[in-house]
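Reading the structure
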Amino acid sequence: MSTQTDHGHGLISRPELTPDAVWYEAAGWINQSFFQGRTSLNEKKLRSRYLEITQRRNKIAHDADLIDGELEQRRPIDQASVSDAIDWIERIALAVAQVLDDQG
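Residues numbered from 1 in each chain as written. Predicted model: local features only at pLDDT ≥ 70, side-chain atom pairs only at ≥ 80, totals over all residues. Heavy atoms only, no water.

Tracing the backbone shows arginine 91 in helix α4 (residues 79–103). We note that arginine 91 is buried and unpaired, the nearest opposite charge coming from aspartate 87 at a distance of 4.5 Å. Ignoring any residue separated from it by four or fewer positions in sequence, one finds arginine 91 in contact with Trp29, Ile30, Phe34 and Phe35. (Helix = DSSP H or I, 4+ residues; strand = E, 2+ residues; numbered from the N terminus. Buried < 20%, exposed > 50% of the residue type's maximum accessible area, 1.4 Å probe, protein only. Lys, Arg positive; Asp, Glu negative; His and termini not counted. Salt bridge = Lys/Arg side-chain N within 4 Å of Asp/Glu carboxyl O. Contact = heavy atoms within 4.5 Å.)

For the structure shown, the criterion picks out six salt bridges. Note that aspartate 65 and arginine 56 form a salt bridge whose closest N and O atoms lie 2.8 Å from each other. Classification of arginine 56 by relative accessible area gives partly exposed; the value is 25%. For arginine 75, the salt bridge goes to aspartate 68, with nearest N and O atoms at 3.2 Å. Residue aspartate 68 is classed as exposed on the basis of its relative accessible area of 64%.

Among the surface-exposed residues, Ile60, Ile77, Val82 and Ile86 lie close enough to one another that they form a single nonpolar patch of about 340 Å² accessible area. On the secondary structure map, isoleucine 60 appears in helix α3 (residues 43–63). (Patch = residues over 30% accessible without salt bridge, like charges linked within 9 Å, V, L, I, M, F, W, Y side chains within 5 Å. Areas by Shrake-Rupley, 256 points an atom, 1.4 Å probe, with all protein chains shown as cover.)

Here aspartate 65 lies in the loop between α3 and α4. The residues touching aspartate 65, leaving out its near neighbours within four places in the chain, are Arg56, Lys59, Ile60, Gln73, Arg74 and Arg75.

Let us now look at the nonpolar core. With 17 residues, the main nonpolar core has Ala26, Ile30, Leu41, Leu46, Trp88, Ile92 and Val96 as its most contacted residues. When residues of this core are traced back to their parent elements, those giving at least two are α2 (20–35), α3 and α4. Tallying contributions element by element places α4 first for this core, with seven residues. (Core = buried A, V, L, I, M, F, W, Y, C linked by side-chain atoms within 4.5 Å.)

Of the residues in the protein chain, 87% reach a pLDDT of 70 or more, and the chain-wide mean stands at 86. In the model, residues 1–5 has pLDDT below 50 throughout and makes six contacts with residues more than four positions away in sequence or in other chains. (pLDDT = per-residue confidence, 0-100.)

Relative to the elements of secondary structure, tryptophan 29 occurs in helix α2. Sequence-wise, tryptophan 29 and valine 96 are 67 residues apart; in three dimensions their C-alpha atoms are separated by 8.8 Å. Apart from residues no more than four positions distant in its own chain, tryptophan 29 is found in contact with Phe34, Arg91, Leu94, Ala95 and Gln98.

Shown next as structure tokens:
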């Protein structure tokens, strides 16, 4: 079975159900692989960043990214924040896949 088949849907749809150990190991992997140990990313910060990204995605997909209580005004977004979100999604996906593959 693949990592996606075993764990992918649960992580994407309900990250709060992902064990703390996976987030801890994924944070360590990101620290070493992307930042060469120069950051202090931990499992709480990583999970929080993932939730920020998924919540914004849900606002875009389900609420047309409208500001709460407004029918015509959307939340601001720019190229830099989009690129940053994409970079984090890639880091998180690679790190979690690595952790789950190591466990399998």
